[in-house]
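Architecture and fold: a report
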Amino acid sequence: MVGHFIVYATPDFLDKARRKKTYGNLGNKRVSTLWSIARDIMMIQPKARIFFYETEKKRLHGVYQATSAPFFCYDNLFAESSSDAGTDNDTDTDEKFPFRFKFEELRKFDEPVPADELVYLVDRKLLTSIITFDKDPTSPFRSVVKITRQEAVEIVRALHKYNLDAEYSACAHSPDVYRPTYDVEVADIIPQLADPQGRANLPSNDRHLKLDKLPDPEQQNSTVREHEYALQAYLSHKLAVGDPSVWPIFGNYTDFLVEVPLSRAQRKAVDLLCNYGSCTPYYHLLVEIKNRIVREQDFLQLLEYANIFSETRGVRRSDIGGMLIGASFAEEVISLARHYNRIRTGSRLRLVRCDFGQHQHGKPKFVHVL
């Protein structure tokens, strides 16, 4: 499924990645961070549009497209030579950048877009999926960020602005509705992800990421953030490939984003944002994911996020829906949600239980509560 992404990289690593036509993300991190990395990279599917942002030179390159599903590999692809041993480039003994996808240049633009131009797009609210091109305070370790198709169009326009002799191309175009891509084998996250020390036992050949085992929230070594990132990874992957199993939950969405910053002034982000082509009954759905019982403060937090989203995006409050996904719901939350749905016109709030007690092979079961 075609999506649009800004991928962050240092100049040296971007040079390596472009020569090898393979991007790799970090692997030597704590478990919760690994799940966050997997969540972001699992959304990239073949033909996804990629823009690379150089973090040190502060400029953006495009347009590229993914040529593979994401995969996991611990070989020495990014080790340049034996002369790298003992240096910062020594991936042979240190970082293998195992979370990967292959890509190719889709359209050549000789001149990159400077950061000031991108900040201008942010200030004009033409680029709202990113609040800063420096370290994101809401999630400092993200290097793959999904953006909307319209935001990709704005970036392509900026590329043409700095490449006036380039022939115009609609290279940011993508289908309106997400649908399954069964012609591409996309497995689901590797079980070893929950055990970073097990990486030495992985084969050196390319291996699809698999989502066949989610951490059990009842296990003592399973942290709150680890479990919530894992569930985000599971849902974002299903949304990216247009898996029919999520249609009863999210409906006929046209696009979605993960870990969406709400404002530049507040360090707050909503877990998942689904957009819709028509108001049925809303144009935007804000989703918050909890790995525990959902209580009144979670309900109030979601309403606060909806108000901030309405103010910062210039969207009518009635065009925004909300969804809470949790292990269970306190009675006061169910009561509040029912009352809210009675008094609000067009803006509905839904409750979905993620049932881990009845899942098979680590895959959760979702049950509508309201």
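Calculation notes
Residues numbered from 1 in each chain as written. Predicted model: local features only at pLDDT ≥ 70, side-chain atom pairs only at ≥ 80, totals over all residues. Heavy atoms only, no water. Helix = DSSP H or I, 4+ residues; strand = E, 2+ residues; numbered from the N terminus. Contact = heavy atoms within 4.5 Å. Salt bridge = Lys/Arg side-chain N within 4 Å of Asp/Glu carboxyl O. Buried < 20%, exposed > 50% of the residue type's maximum accessible area, 1.4 Å probe, protein only. 1 Å grid on protein atoms, 1.4 Å probe; cavity = no way out; pocket = protein on both sides within 12 Å on 5 of 7 lines; lining within 4 Å. Points joined across faces, edges and corners; volume = space filled by probe spheres on them. Nonpolar A, V, L, I, M, F, W, Y, C, P; charged D, E, K, R; others polar. Arc of directions from axis to C-beta.

Another point: the environment of Leu-235. Considering the arrangement of structural elements, one finds Leu-235 in helix H5 (residues 224-240). Taking the C-alpha atoms as reference points, Leu-235 and Leu-272, 37 residues apart in sequence, are found 9.2 Å from one another. In contact with Leu-235, other than residues within four places in its own chain, are Phe-250, Ile-289, Ile-325 and Phe-366.

Turning our attention to the pattern of salt bridges. In total, this model carries 13 salt bridges according to the counting rule given. Here Asp-298 and Arg-292 are joined by a salt bridge, their closest N and O atoms 2.9 Å apart. You can call Asp-298 buried: its relative accessible area is 4%. Its relative accessible area of 34% is what places Arg-292 among the partly exposed residues. For Arg-316, the salt bridge is made with Asp-319, and the minimal N-O distance between the two is 3.1 Å. Within this structure, Arg-39, Asp-40 and Glu-259 form a network of salt bridges that share partners.

Volume-wise, the second largest cavity comes out at about 40 Å³. Around the second largest cavity, the lining comprises 11 residues; the ones closest to its centre are Leu-303, Arg-317, Gly-321, Gly-322 and Tyr-340. Listed by contribution, the elements that provide at least two residues to the lining of the second largest cavity are helix H7 (296-313) and strand E13 (320-326). Looking at side-chain class alone, the lining of the second largest cavity contains six nonpolar, three polar and two charged residues.

This part takes up helix H3 (residues 115-123). Within H3, the full set of buried residues consists of Ala-115, Glu-117, Leu-118, Leu-121 and Val-122. For H3, the angular spread of buried residues about the axis comes to 160°, placing them on one side. Tucked inside the fold, the buried residues of H3 contact strand E3 (49-54), strand E4 (59-66), strand E7 (113-114) and helix H4 (149-161).

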